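# An overview of the molecular structure
Listed below, chain by chain, are the residues.
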Amino acid sequence: KKAILDPDFFSDVKHPARQLINRLARAAVGLPPDTPRDHPLCRSLAELTETARSALESRDGDLAPVLVGLDALIARRDEATREAAQACAGQVRDYERNETALAAAQNWLQKALARTREPAVVHFLSVHWVRVMQDACLAGGVGGEAWKEGESVVNYLLWSILPKRTPEERQKLTALIPALIRKINAGLDGIAVPAEQRQPFLDACFVLQTNALRGRPNEGGAAPPSHAPNAAPAAAAVPGTFPPARILEREGKCVQYFGRAALPAVAPRGGPAVAPGDWLSFRMPDDRVWCGMVCWQSEESRTLLLFNPAWNDAVALAPQIVEQQLQAGTARVVSGL
């Protein structure tokens, strides 16, 4: 009717009736196709469209109040979606911090293992002290005070099992051992290693240091492992594919995590990037199309967290996945259409 009454309807992109239709679609973005009419959002939209009906019947009807109502409805829904996703954002943030700290600790471990062949020490560093270094990275980052202290303990430990040839070296080692053992135990206390699990190393350490005091070389076992225990080699990623899913769960909140993968870099498109507040339609690994709001993005990894009140879980996507799908046309920002 508006198109018949108003010859400028199709040329004026800001025509109130066109804005009405666009904002109705924006307000309902992400609703599943089978959403019933009695859904709270659908009821709100029905009330607003009923208000607009009488205005649309006349040539000079004012749609401004309805458009204001739609804007308020959109803002409330977006804010509620963002709030509902905050706990999941915390899960992703903590998970990625732990993964970053673990990677730093395992990188440190590689260098430490290259300095010793003693089986007891290799086991101690690989199983226990790498966790101490992970916690140190979480506490203050690589190079922080806790990290420096953890490195210092291992430096003294490795020195303490080398043969001491002079009286000065033996005197220094004798004075060092009590403080070194206290610091080792303090580190193991921090990661809650039971006494029965630490005692075999402490016993072995006593023997190694006794040999060192007597000037006897300690005979190492096999060469240190080439990689940290439990560190699976990263699989080569194929552009456009998802990394293996991880399910992050805490206090009843679940996130399907597809972030921080070893994915190839993707040159950005010329258009604007996806940003928090956008509603994104994208394809999941099973080829189903999902539509959710970008509720948060990591400043470090750029991982995007998407959520929709209709979902059971939130979804975290590496930025490469989003960019690849945008370029392939399998994803698009639908909130700005």
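Structure's up top.
My aim in this report is to walk through the structure given alongside it, one point at a time. Everything numeric in this text was worked out from a predicted model, so none of it was measured. (Residues numbered from 1 in each chain as written. Predicted model: local features only at pLDDT ≥ 70, side-chain atom pairs only at ≥ 80, totals over all residues. Heavy atoms only, no water.)

Time to look at the pairing of strand S5 (residues 304–307). Residues in a regular strand project their side chains so that they alternate between the two faces of the sheet. Side chains Leu304 and Leu306 of S5 all project onto a buried face; the interleaved residues Leu305 and Phe307 project onto the opposite face, where all are buried too. Where strand S4 (residues 289–297) and S5 come together, four bridges link them in antiparallel fashion. Note that in S5 the partner of Gln297 across the bridge is Leu304. Counting the residues that bridge the hairpin from S4 to S5 gives six residues, and of these Arg302 lies at a positive phi of roughly 70 degrees. Pairing geometry for S5 and strand S6 (residues 314–317), over three bridges, is antiparallel. Bridge pairing links Leu305 to Ala316 in S6. Adjacent in sequence and paired antiparallel, S5 and S6 are bridged by six residues. (Buried < 20%, exposed > 50% of the residue type's maximum accessible area, 1.4 Å probe, protein only. Helix = DSSP H or I, 4+ residues; strand = E, 2+ residues; numbered from the N terminus. Pairing = 2+ DSSP bridges.)

This paragraph deals with the sheet that holds S6. Within the open sheet, the seven strands sit side by side as S1-S2-S6-S5-S4-S3-S7. Their pairing is mixed. Each of the sheet's edge strands pairs with one partner strand only, and the pair in question is strand S1 (246–250) and strand S7 (332–333). Two strands pair when backbone bridges link them, and strand S3 (residues 279–283) and S7 are joined in this way by two bridges, in the antiparallel orientation. Bridging across to S7, Ser281 finds its partner in Arg332. Its contacts with the sheet put helix H9 (residues 319–328) on strand S2 (253–258), S3, S5, S6 and S7, and the angle it makes with S3 is roughly 80 degrees. (Contact = heavy atoms within 4.5 Å. Axes fitted to C-alpha atoms, helices over the stretch in contact; angles between N-to-C directions.)

Judged by which residues are buried, S6 turns out to be covered on both faces: Ala314 and Ala316 on one side and Val315 and Leu317 on the other are all buried. Relative to S6, S2 runs parallel, the two being bridged by four bridges. Within S6, the position partnered with Tyr257 by the bridge is Ala316.

What follows concerns the packing of aromatic side chains. The geometry of two aromatic rings is summed up by the distance between their centres and the angle between their planes. Counted under the stated rule, the structure contains six aromatic pairs. Ring geometry for Phe282 and Trp311: centres 6.3 Å apart, planes at 80 degrees, overall edge-to-face. Placement of the pair is Phe282 in strand S3 and Trp311 in the loop between S5 and S6, with a sequence separation of 29 residues. Summarising the burial analysis for this pair, Phe282 and Trp311 share the class buried. Through a chain of ring-to-ring contacts, three or more aromatic side chains come together here, namely Phe124, Trp129 and Phe201. For Lys164, the ring lying beneath its charged end belongs to Trp159, and the centroid distance is 4.1 Å. The ring of Trp159 has Lys172 sitting right over it, with the charged end atom 4.9 Å from the ring centre. (Phe/Tyr/Trp six-rings, centres within 6.5 Å; stacked < 30°, edge-to-face > 60°. Lys NZ or Arg CZ within 6 Å of the ring centre and 35° of its normal.)

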